[in-house]
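Here are the chains, one letter per residue:
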Amino acid sequence: MDRLTTLDLFVRIVDAGSFAAGAEQLGLSRALASRAILDLETRLGTRLLNRTTRRLSLTEAGAAFYRRAQRIAADVLEAEEEAAALHARPRGLLRVNAPMSFGVLHVAPAMAGYLERYPEVSVDLTLNDRVVDLLEDGTDLAIRIGRLADSSLISRRLAPCRILLCAAPSYLATHGTPQHPSDLAQHRCIAYAYGGDRGEWVLTGPEGEARIRVNARLQINNGDAIQAAIREGYGIARQPDFIAAPDLAAGRMVQVLPEWRLPELGIHAVYPPARTLSAKVRSFVDFMAERFARPSWSLDSTG
């Protein structure tokens, strides 16, 4: 009997409390199991188990050996399951949650390619801008944008997300173009309702960090709606590049204070921890990471 099997057998015997029960789990006879543990003790030069007609108990050396053997057996099982998951074909229903604007613009268009590559997977895609509880909602994974709060979720970064100050040419023609972050206090601004810092914007530029109290009489909870308000010439807003890039490239909007930067965010796939990541979740995360490796919304790619 090889060493890994002997370790597994030893752990099972201790957990079950008898040679017969531990041996049965591996499809072995009691006699073969007893001989294997005796050979193990002989090789180690110490007794691991105290045997009586009524019960088994660990010796001091046996207890120390059991703790190590238990971890090794668990690691081997996890490695086997992980390898099997990598080999398994993605299949079944995959429940995905994504922010509304990013979902409409970039996740939904990716579905055709994903489903064509993995014909045994079905996708239930829900879009909203609130943070859902994945376990409570029965969601397999979510796309989230921002700096992730500490949680038990596993995350993988898919792409960067730049935040830009944007305005319509018509607004700037009427109200003037800010030359310094401090000028923003005198302008009409639009706030994102889920941004968490409606009254203060933080920029970093040639003079270091600037914190500006802005006049945000208009607050909106959706990026596309903010984009519409910008294009109509209401005021200045912070917008993610994945929304703003096409209008910037077409000249319908311009970037305000381009030499100053707002904090960069990340676009992440997040999913609950599991001993083995399912093939369908892994396939989706890998597909999206591949698709967004060179983001179509990058300002460099839009010219």
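By the naming in an unreviewed UniProt entry, the protein is LysR family transcriptional regulator, taken from Inquilinus limosus. Regarding the protein, the relevant UniProt record gives this comment under Sequence similarities (unreviewed entry): "Belongs to the LysR transcriptional regulatory family."

It is worth spelling out the pairing of strand β14 (residues 265–271) at this point. Counting buried positions along β14 gives seven out of seven residues, so the element sits mostly inside the fold. Alternating positions in β14 separate into two faces, L265, I267, A269 and Y271 on one and G266, H268 and V270 on the other, with burial throughout. The sheet contact formed by strand β5 (residues 141–145) and β14 spans four bridges and is antiparallel. Bridged to I143 within β14 is A269.

With that settled, consider the sheet that holds β14. Strand order in this open sheet of five strands is β4-β3-β5-β14-β6, and the pairing throughout is mixed. In this open sheet, the two strands that pair with only one neighbour each are β4 (121–127) and β6 (154–161). This sheet shows a mean twist of 20 degrees between the axes of neighbouring strands, independent of strand direction. Bridge count for strand β3 (residues 92–98) against β4 is seven bridges, and the pairing is parallel. Bridging across to β4, R95 finds its partner in D124. Running at roughly 20 degrees to β6, helix α11 (residues 279–291) makes contact with β3, β4, β5, β6 and β14 of the sheet.

With that settled, consider the sheet that holds strand β11 (residues 215–220). Pairing is mixed in the open sheet, where five strands are placed in the order β11-β8-β12-β7-β13. Two strands lie at the open edges of the sheet, namely β11 and β13 (254–255), each paired on one side alone. Relative to β11, strand β8 (residues 188–192) is paired through four bridges, and the arrangement is parallel. Its bridge partner lying in β11, R188 is registered against N215. Together, β7 (163–167), β12 (236–240) and β13 form the strand contacts of helix α10 (residues 241–250), whose direction differs from that of β12 by roughly 115 degrees.

L141, I143, L165, L184, F284 and M288 are the most contacted members of the largest nonpolar core, which has 60 residues in total. A domain split of this core shows at least three residues from each of domain 2 (92–161 + 265–292) and domain 3 (163–255). Look past the residues within four positions of L165 in its chain and what remains in contact with it is L184, W201, L203, I236, A237, R238, V254, Q255, V256, L257 and L262. With 17 residues, the next largest nonpolar core counts V11, L49, L56 and Y66 among its residues.

Let us now look at the UniProt feature "domain: HTH lysR-type" (unreviewed entry) in the protein. The feature "domain: HTH lysR-type" (unreviewed entry), as annotated in UniProt, sits at residues 1–59 in this numbering. Note that residues 1–59 is 61% helix and 10% strand, and that its end C-alpha atoms are spaced 23 Å apart.

Another aspect to go through is the packing of aromatic side chains. For the coordinates displayed, the defined rule picks out ten aromatic pairs. Ring geometry for Y192 and Y194: centres 5.8 Å apart, planes at 85 degrees, overall edge-to-face. By relative accessible area, Y192 is classed as partly exposed at 27%. What makes Y194 partly exposed here is its relative accessible area of 45%. Each member of the aromatic cluster is reached from another via a ring pair, and the members are F102, F242, F292 and W297. It is R188 that lies over the ring of Y234; its NZ or CZ is 4.7 Å from the centre.

All right, on to the pairing of β3 then. Judged from the two bridges that link them, β3 and β5 form a sheet pairing that is parallel. By the bridge assignment, V96 is partnered in β5 with L141.

Here the focus is the side chain of T59. Among the structural elements, T59 can be located in the loop between β2 (56–58) and α4 (60–87). Residue class for T59 comes out buried when judged on its relative accessible area of 15%. Residue contacts for T59: discarding those within four places in its chain leaves R47, L48, L49 and N50.

So, about the pattern of salt bridges. Across all of its chains, the model carries 14 salt bridges by this definition. Where D286 meets R156, a salt bridge forms, and the shortest distance between an N and an O atom there is 2.5 Å. Highlighted residues: D286 in helix α11 and R156 in strand β6, separated in sequence by 130 residues. Owing to a relative accessible area of 35%, D286 belongs among the partly exposed residues under this scheme.

Criteria and thresholds
Residues numbered from 1 in each chain as written. Predicted model: local features only at pLDDT ≥ 70, side-chain atom pairs only at ≥ 80, totals over all residues. Heavy atoms only, no water. UniProt positions renumbered as here; feature names shortened; annotations may be inferred. Buried < 20%, exposed > 50% of the residue type's maximum accessible area, 1.4 Å probe, protein only. Helix = DSSP H or I, 4+ residues; strand = E, 2+ residues; numbered from the N terminus. Pairing = 2+ DSSP bridges. Axes fitted to C-alpha atoms, helices over the stretch in contact; angles between N-to-C directions. Contact = heavy atoms within 4.5 Å. Core = buried A, V, L, I, M, F, W, Y, C linked by side-chain atoms within 4.5 Å. Domains from an automatic or database assignment. Phe/Tyr/Trp six-rings, centres within 6.5 Å; stacked < 30°, edge-to-face > 60°. Lys NZ or Arg CZ within 6 Å of the ring centre and 35° of its normal. Salt bridge = Lys/Arg side-chain N within 4 Å of Asp/Glu carboxyl O.

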